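Chain residues, written in single-letter form:
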Amino acid sequence: MMLTLSPSARKSANLIIHFAERESKARYKRSLLGWFWSFANSLTTVAVYSFVFGAVYNAQPPITDNGRAENFGLYLFTGLIAWTVFTGVVTGCMGWLQDVSDLRKKIYFPTETALLGGAACNAIQTALEAAVLLVIMALFTNISWTALFLVFALLLTMMFALGVGFIVAVLNARYRDIQYLTGVLIGVGFFLVPVVYPPSLLERDDVPEIGRQLVTWNPPAIFVEIARDGAYFLQTPDPLKVLVATAWAVGTFTVGWLYFRSRSMEISEEL
Amino acid sequence: MTTGEITISDVSKRFRLDRDRPSSLKEAVLRIGRTTDIDDFWVLRNVDLHIEPDSFFGLVGHNGSGKSTLLRLIANIHRPTTGEITTEGRMSALLELGSGFHPDLTGRENVFLNGTMLGLTRKHMAEVMDDIIGFSGIGDFIDEPVKIYSSGMYVRLGFAVAVNVNPEILLVDEVIAVGDEEFQRRCMDHMHRLRENGTTIVLVSHDAALMRSLCDRVGWLDHGRLVEVGDPDDVIDAYLKHASQDEGDTLTARD
Ligand SMILES: Nc1ncnc2c1ncn2[C@@H]1O[C@H](COP(=O)(O)OP(=O)(O)OP(=O)(O)O)[C@@H](O)[C@H]1O
Ligand SMILES: [Mg+2]
């Protein structure tokens, strides 16, 4: 199939490929095991959390539709994939922009291609992780067509994260401590998203109503919930949540994109 | 517009010289309510210039008069504060040391990256790779990261890329002066040939003799204003006469 693209769109596409390749090379070089390392990383996380929450705290994983108690590790991994896309892309965007800012001071190119390229690399890695998860589920537990909602949720997460990433990247080019602030917020945010604890925990009486609403309705939490509904509980997610999630993703991406485009020419003037 | 044409209409460029501009959010917050005196510095003022396709245009002016800034605006690196610049055709630029090279990539990878930025295919770049390596004369260093290059090697590779991508517009700042005698001569020859093949060239140089011999037209920038444009001999004579008048005062004071 031949895609017909305008020359400038083709140029941008090639640049995105270049930056994606560069990002994957950088990851590969950082360790001998390359891509494998990122798998090992997620698997270790899952193993550690399974042990801590399963064995030490004796937490029971939520029972799935077909009545079987499942593996807490898989439950975690499903949520963690979405959360990692969010944090990986948001933090990545600041680095990707910083990486090309010197270059951009000397030659013109559409700066957003660096961020889109980095995100593309992240997307490929995520796709591999999701594939591993689904294979494990198919072999040891169960999967259904609803796993498509995992893919859908990851796409929304990616869009949302890019929107946020565009904004923080521009701000970080101006105020260098934005990256630390973002790091702190992400650390706090992790506990506002039911990744390591089941949402049912919120039903306890000592959780204030505001906390309950926050954890139920913040965008990453909704993405995680949709992903988990589809891949882990094998059920179709709440349509209202799907709608809200889509609105968040499309809205944030659009705002971030427009903001980035309006400020990207100024990046070459930041000293 | 025809290919190779450059139109600069009423362009001004302002840089903000905010010496204690906060560089972190913390500083910015601590400084809320305090008035900062922001100096506006107009590097270029109301520049109107039309460069015909197929011509060799030279820019002269004292240090800090805004020549490099004007080239950067044409190259779309900065945006004019007011006014408009339109260019037609593929543009390659050699503006400063390491122009458009990413320090961590090897020379070869940078050549491909540059090609991509100019909208050329990998295939095309692979075809001209040997020419580029040959012209630059940097040999095996092509597969080393460019951050270990010497200034001369940077310029050699930069120039080799800039002229081997079939540019329709070529912008060259005075960087080629870093190259050795032999290399500079080859650059001049090459620019001459490009010019014959219909490339529009804009060159900044302090070498009056060189400008006289190469340029069709010369523009003289003084404190960001384009004070004269025309025949190379006339403009350069006027510029040199003016320069010798206030000798010792060649550096612009920021006003
Ligand atoms: N990013 C920037 N921020 C603030 N001021 C700048 C910036 N870039 C250039 N300037 C200022 O603009 C003025 C013109 O600079 P420019 O480099 O265009 O001069 P030039 O004519 O090329 O001088 P030279 O002959 O020394 O190369 C200088 O005073 C310089 O300090
Ligand atoms: Mg200069």
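Look above for the structure.
One numbering rule holds for all chains: residues counted from 1, following each sequence as written. Just so you know, chain letters begin at A and ligand numbers begin at 1, following the order they were written in. This being a predicted model, a pLDDT of at least 70 is required before a residue's local features are given, and a value of 80 or more before pairs of side-chain atoms are given or counted; all residues contribute to the totals for chains, interfaces and linings. By convention in this description, side-chain values take in all heavy atoms of the structure and omit both hydrogens and water.

Caption draft 1: Highlighting the overall build of chain A. Strands here are runs of E lasting at least two residues and helices are runs of H or I lasting at least four, both read from the DSSP assignment and numbered beginning at the N terminus. The helix and strand tally for chain A stands at nine helices and zero strands. Secondary structure elements in chain A, listed N-terminal to C-terminal, are α-α-α-α-α-α-α-α-α. Buried, partly exposed and exposed residues are distinguished by accessible area as a fraction of the type maximum, computed with a 1.4 Å probe on protein chains only: under 20%, between the cut-offs, and over 50%, respectively. Residues counted as buried form 47% of the 271 residues belonging to chain A. By sequence separation, contacts in chain A at least 24 residues apart represent 78% of the contacts at least 6 residues apart. Note that accessible areas follow from Shrake-Rupley with a 1.4 Å probe, and for residues the cover is restricted to the protein chains shown. Looking at chain A as shown, the accessible area adds up to about 13300 Å², and 69% of this sits on carbon and sulfur atoms. Note on contacts: a residue pair is in contact if any heavy atoms of the two residues lie within 4.5 Å.

Caption draft 2: The nonpolar core, seen in detail. Core analysis: the largest hydrophobic core is formed by 71 residues, its most contacted members being Leu-97, Phe-109, Leu-115 and Val-195 of chain A. Mapped by element, the contributors of at least two residues to this core are helix H1 (7-30), helix H3 (72-104), helix H4 (112-140), helix H5 (148-174), helix H6 (178-189), helix H8 (219-231) and helix H9 (239-263) of chain A together with helix H3 (107-117) of chain B. Among the elements that take part in this core, H3 of chain A stands out by supplying 19 residues, more than any other. Setting aside its immediate chain neighbours within four residues, Leu-115 of chain A contacts Cys-93, Trp-96, Leu-97, Leu-162, Phe-166, Ala-169 and Phe-260 of chain A. With 48 residues, the next largest nonpolar core counts Val-60, Val-172, Met-188 and Leu-214 of chain B among its residues. Definition used in this section: a nonpolar core is a set of buried Ala, Val, Leu, Ile, Met, Phe, Trp, Tyr and Cys residues joined via side-chain atoms within 4.5 Å.

Caption draft 3: Summary view of the sheet that holds strand S1 (residues 6-17) of chain B. Residue and element names in this part refer to chain B. Each pair of strands is called paired provided DSSP finds at least two bridges between the two strands. Spatially, S2-S1-S4 is the arrangement adopted by the three strands of the open sheet, whose pairing is antiparallel. Sheet topology places strand S2 (39-51) and strand S4 (82-87) at the edges, where each strand pairs with a single neighbour. Taking the axes of each pair of neighbouring strands and ignoring which way they run, one obtains an average angle of 30° across the sheet. Inspection of the sheet shows S1 paired to S2 by nine bridges, in the antiparallel sense. Paired with Ile-8 across the bridge in S2 is Leu-49. An axis is simply a line fitted to the C-alpha atoms; with a helix, the fit covers only the stretch in contact. Between two such axes, the angle follows the N-to-C directions and lies from 0 to 180 degrees.

Caption draft 4: Spatial organisation of the environment of Thr-199 of chain B. All names here are of chain B. Considering the arrangement of structural elements, one finds Thr-199 in the loop between helix H6 (181-196) and strand S7 (200-204). For the pair formed by Thr-199 and Asn-46, sequence separation is 153 residues and the distance between their alpha carbons is 26 Å. The residues contacting Thr-199, other than those within four sequence positions of it, are Asp-54, Ser-55, Pro-167, Glu-168, Ile-169, Leu-170 and Leu-194. Think of a polar contact as two N or O atoms within 3.5 Å of one another; within protein, one of them needs to be a possible hydrogen donor and the other a possible acceptor, and neighboring residues in sequence only count if both atoms come from side chains. Engagement of the side chain of Thr-199 in a polar contact is seen with the backbone oxygen of Pro-167, the distance being 3.1 Å.

Caption draft 5: Fine view of the interface of chain B and chain A. Of the residues lining the interface, 30 residues belong to chain B; the matching set on chain A comes to 26 residues. By buried area we mean how much accessible surface two parts lose on assembly, using a 1.4 Å probe and totalling the loss over both. Of the roughly 2500 Å² buried where chain B meets chain A, counting both sides, 56% is carbon and sulfur surface. Our enumeration of links across chain B and chain A arrives at 10 residue pairs in polar contact (both at pLDDT 80 or more). Of all the secondary structure elements, the ones that give two or more residues to the side of chain B that touches chain A are S1, helix H1 (25-30) and H3 of chain B. Among the elements that line the side of chain B that touches chain A, the one with the most residues is H3 of chain B, at five residues. Classes in brief: Ala, Val, Leu, Ile, Met, Phe, Trp, Tyr, Cys and Pro nonpolar; Asp, Glu, Lys and Arg charged; the others, Gly included, polar. Considering only residue class, the side of chain B that touches chain A consists of 12 nonpolar, 11 polar and seven charged.

Caption draft 6: View of the pattern of salt bridges. Salt bridges are identified by distance alone: a Lys or Arg side-chain nitrogen within 4 Å of an Asp or Glu carboxyl oxygen. In total, this model carries 19 salt bridges over all chains according to the counting rule given. In this structure, the salt-bridge partner of Lys-105 of chain A is Asp-102 of chain A, at a minimum N-O distance of 3.9 Å. Residue Lys-105 of chain A is classed as partly exposed on the basis of its relative accessible area, which comes to 22%. In this structure, Glu-127 of chain B engages Lys-123 of chain B in a salt bridge whose closest nitrogen and oxygen atoms are separated by 3.8 Å. Here Lys-123 of chain B and Glu-127 of chain B lie together in helix H4 (residues 122-136), a separation of four residues that amounts to about one turn. There is no split in this pair, since Glu-127 of chain B and Lys-123 of chain B are both exposed. Bridged by salt links that share partners, the residues Arg-156, Asp-180, Glu-182 and Arg-186 of chain B form one connected network.

So far we have only geometry, and geometry alone does not tell us how the molecule works.
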